[in-house]
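Observations on the model geometry
One letter stands for each residue in the lines below.
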Amino acid sequence: QVMRRSCAVVRAVLGAAPLRGAYRSMSDGAALIHSTLSTNSHVKLRWDLTKEDVVAMAEAAIARSRDTQDGIVKAVAEGNTTWGATFGKLAEDEAFQYVMDSVCTFPQHASTDKELRDAATEADKKLSAYGVEAGSRKDVYQALAKTASSLQTSELSLEQQRLVERILRDFRRQGLDLGEKESARVKAINERISELGIAFSKNLGEEKSKHAFTAAELEGCPEDWLQKLDKDGDKYLVTLKYPDYFPVMEQCCVAETRRKLEFEFNNRCSAENAKILEELVELRHEKAGLLGYETHSAFIVEARMSKTEPAVRDFLGNLATKLDPLMKSDMATLLEIKKAECEKRGDPFDGKINAWDQRRCAHVLKKDRYQVDHEKLKEYFPMEVVTKGLLGIYQELLGLVFTPDSSMQKWHQDVQTFAVTDAETQEPVGWFYMDMHPREGKYGHAACFGLQPGCEAPWAPSGYQLPVAAIVCNFPAPSPDKPALLEHGDVETYFHEFGHLMHQMCARAKFSKFAGTAVERDFVEAPSQMLENWVWEADALDRMSAHYKTGEKIPRELLTALIASRNVNEGLLNKRQVVLATFDQTIHTTEKVNTAEVLKETNMKMGFPFTDGTNMAASFGHLAGGYDAQYYGYLWSEVFSADMFESRFKKEGILNPTTGKSYRKEILLPGGSRDASESLRAFLGRDPTNDAFLRAKGLSA
């Protein structure tokens, strides 16, 4: 998942806890900004701020940005409609806000200090509320529209022309062409949406429930995993974080334990977040109506590759139909597995696959029928070996060099920091952080955070600000007697998120609006999805594996079995994505919803296992964090990722540096400075097709 912030796309917090102690003054905040931007370092990020600092700095950043916007209005009123006085100033302000936003708000996702996390959330509230204000300024919009009509298109670069078009489009999509009453209502809706979005995220981030089970109730779970758990007397305490939850759902052979934990997992934050999501749906629908759209989905997809709501609906419907026979076959196979296990254990067999059976039966299938023992397999994926191999592959493929950089400030001692240079020119490319293990209060999934955009900026040493980004994951931590060992699925996630990181590093847009992964949302996953293919190729796996004790490579028979198991349950797994994307589209083509009911109906209609009384929508962070009416993009972008891999890398070599250079130049380097369809044509030499996508899913083209 990509996490990106800018003053044009905003979120805020609802009901942040009051902070103790007086904040520093705005003048102190201005001094902090000056000291941050005036450093000679390319990295304009710092993680040494106090809870008082981050709020003061946010307030000072808002004041500075407001002054910039006032200056644009004043300049145009005085007859100065030059690029530098208007659009150039706004572009500079966006780059400034991006960095300030990261410094002030990122600690809410990564800090170990609860008070600092709360302060960063409070700063987020202020910055996000200001983002709504800035995006709703009719005087700025009118000044820029007047400037646009006087600028000579022939004197602007293509990227400058694109910036003008996108800025004016974004203002219009905030209702600034409406009457005063309607425009004010859109602004109020945006403010409330911002508040609700971060409240949803904060609730998930702070969820820390633990569930007690005896050793007998956790039968089948690995002993070394059990030893890492906290205990309460003779009971083990299992959290709902991924490194705890997935091992139970896959390896615990006690169905009742899995049932209890699955119920809790898919009810995380349900009391508070279901209400938030349902209010978001109502507000989004109302806003879409005010702006002249029939639904929120229609409003969203107009600015995406898909363009229309019917195009998305047809895509999902056709794919669901094609996947149906595969899913039914997968379910029948899993049911055989379940029946055999029930007979072996003397448990009652209910004749169906429940939500808590799916991962368990898929695990047994891979282990018994495909001879893929994931417990044995992960012994060949110690974190350090995987990291070394992954970094090596990306460096070789993209013509880059990664060097540990101890000069970069860290927010935690476990964070790794790297400088990136071009292998051919030795010129600096960017910097990145890797924060890989769970902590209390830390962001609970896997994501790439763009922290500093690659773009023109007057405070940068060379006039061009180089990018900085972070991948934040929750892979198992090392134990006293073992290094951190990754499941193969973790390796795939690692490769995926690092792909987003490379998009951030390699893009070279002029303006922050187009920096890094700022492409169409239904394309943004394609570059990373394509790179997931490497973890299913023997040559790449050889480079990323070695037994943590002996250093031996994965035995050939286990490697062959792993690769052969790639499409196991492909129908079921992809149907789940269709279910989630359909749920997303359903609620965002409706005025008012009961998310629990719609989710159940969607699952039932598509024949997917569902547990009564649960509502995973309350933990479906995508729908409150920027993927609303856009979750289909994961499947949509797979059309492009499959085409890129099969048409170029599979044919020309997965480690072919010439192909990698072409990929870096045509797909990564432009960022969002041109349409994704244009980048795809440049890389493929033709328009993309869905043939490779359908073949990858085991379907006929």
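Owing to the predicted nature of the structure, the values given are computational and were not obtained by experimental measurement. (Residues numbered from 1 in each chain as written. Predicted model: local features only at pLDDT ≥ 70, side-chain atom pairs only at ≥ 80, totals over all residues. Heavy atoms only, no water.)

**What about the sheet that holds strand E3 (residues 230-232)?**
Pairing is antiparallel across the open sheet formed by three strands, whose spatial order is E2-E4-E3. Sheet topology places strand E2 (210-213) and E3 at the edges, where each strand pairs with a single neighbour. For this sheet, the mean inter-axis angle between neighbouring strands, taken without regard to orientation, is 40°. The sheet contact formed by E3 and strand E4 (residues 235-239) spans three bridges and is antiparallel. From the neighbouring strand, Asp 230 faces E4, where its bridge partner is Leu 237. Relative to the sheet, helix H11 (residues 255-265) contacts E2 and E4, its axis offset from that of E2 by approximately 175°. (Pairing = 2+ DSSP bridges. Helix = DSSP H or I, 4+ residues; strand = E, 2+ residues; numbered from the N terminus. Axes fitted to C-alpha atoms, helices over the stretch in contact; angles between N-to-C directions. Contact = heavy atoms within 4.5 Å.)

**Focus: the packing of aromatic side chains**
Overall, the coordinates contain 35 aromatic pairs when judged by the stated rule. Measuring from centroid to centroid gives 4.7 Å for Trp 411 and Tyr 433, while their planes differ by 45°, and the two rings are tilted. Pair noted here: Trp 411 is in the loop between strand E5 (400-404) and strand E6 (416-422) and Tyr 433 is in strand E7 (residues 428-435), with a separation of 22 residues, a long-range link. You'll find Trp 411 and Tyr 433 in the same group, each marked buried. Positioned above the aromatic ring of Phe 96, the side-chain terminus of Arg 64 is 4.2 Å from the ring centre. (Phe/Tyr/Trp six-rings, centres within 6.5 Å; stacked < 30°, edge-to-face > 60°. Buried < 20%, exposed > 50% of the residue type's maximum accessible area, 1.4 Å probe, protein only. Lys NZ or Arg CZ within 6 Å of the ring centre and 35° of its normal.)

**Structural notes on the nonpolar core**
Within the largest apolar cluster, 132 residues are counted, with the highest numbers of intra-cluster contacts made by Phe 402, Phe 432, Tyr 494, Phe 498, Trp 534 and Tyr 663. Top element by residues in this core is helix H14 (residues 309-345). It accounts for 10 residues. Setting aside anything within four residues of it in sequence, one finds Tyr 494 in contact with Met 383, Val 386, Thr 387, Leu 390, Met 434, Met 436, Ile 471, Phe 475 and Leu 486. One finds Val 43, Ala 58, Val 415 and Ala 447 within the second-largest nonpolar core, a separate group that totals 47 residues. (Core = buried A, V, L, I, M, F, W, Y, C linked by side-chain atoms within 4.5 Å.)

**Overview of the environment of Arg 521**
Here Arg 521 lies in the loop between helix H18 (488-506) and helix H19 (526-531). With 110 residues separating them in the primary sequence, Arg 521 and Tyr 631 have C-alpha atoms 9.0 Å apart. There is a polar contact of 3.4 Å between the side chain of Arg 521 and the side chain of Tyr 627. (Polar contact = N/O pair within 3.5 Å; in protein donor to acceptor, adjacent residues only side chain to side chain.)

**Structural notes on the environment of Phe 246**
By the element assignment, Phe 246 lies in helix H10 (residues 242-251). Judged by its relative accessible area of 23%, Phe 246 is partly exposed. Spatially, the C-alpha atoms of Phe 246 and Ile 72 are 53 Å apart, while their sequence positions differ by 174 residues.

**So, the side chain of Thr 659**
Locating Thr 659 in the fold gives a position in helix H25 (residues 657-668). In this structure Thr 659 comes out as buried when scored by relative accessible area, which is 0%. In this structure the side chain of Thr 659 is engaged in a polar contact, spanning 2.6 Å, whose partner is the side chain of Glu 652.

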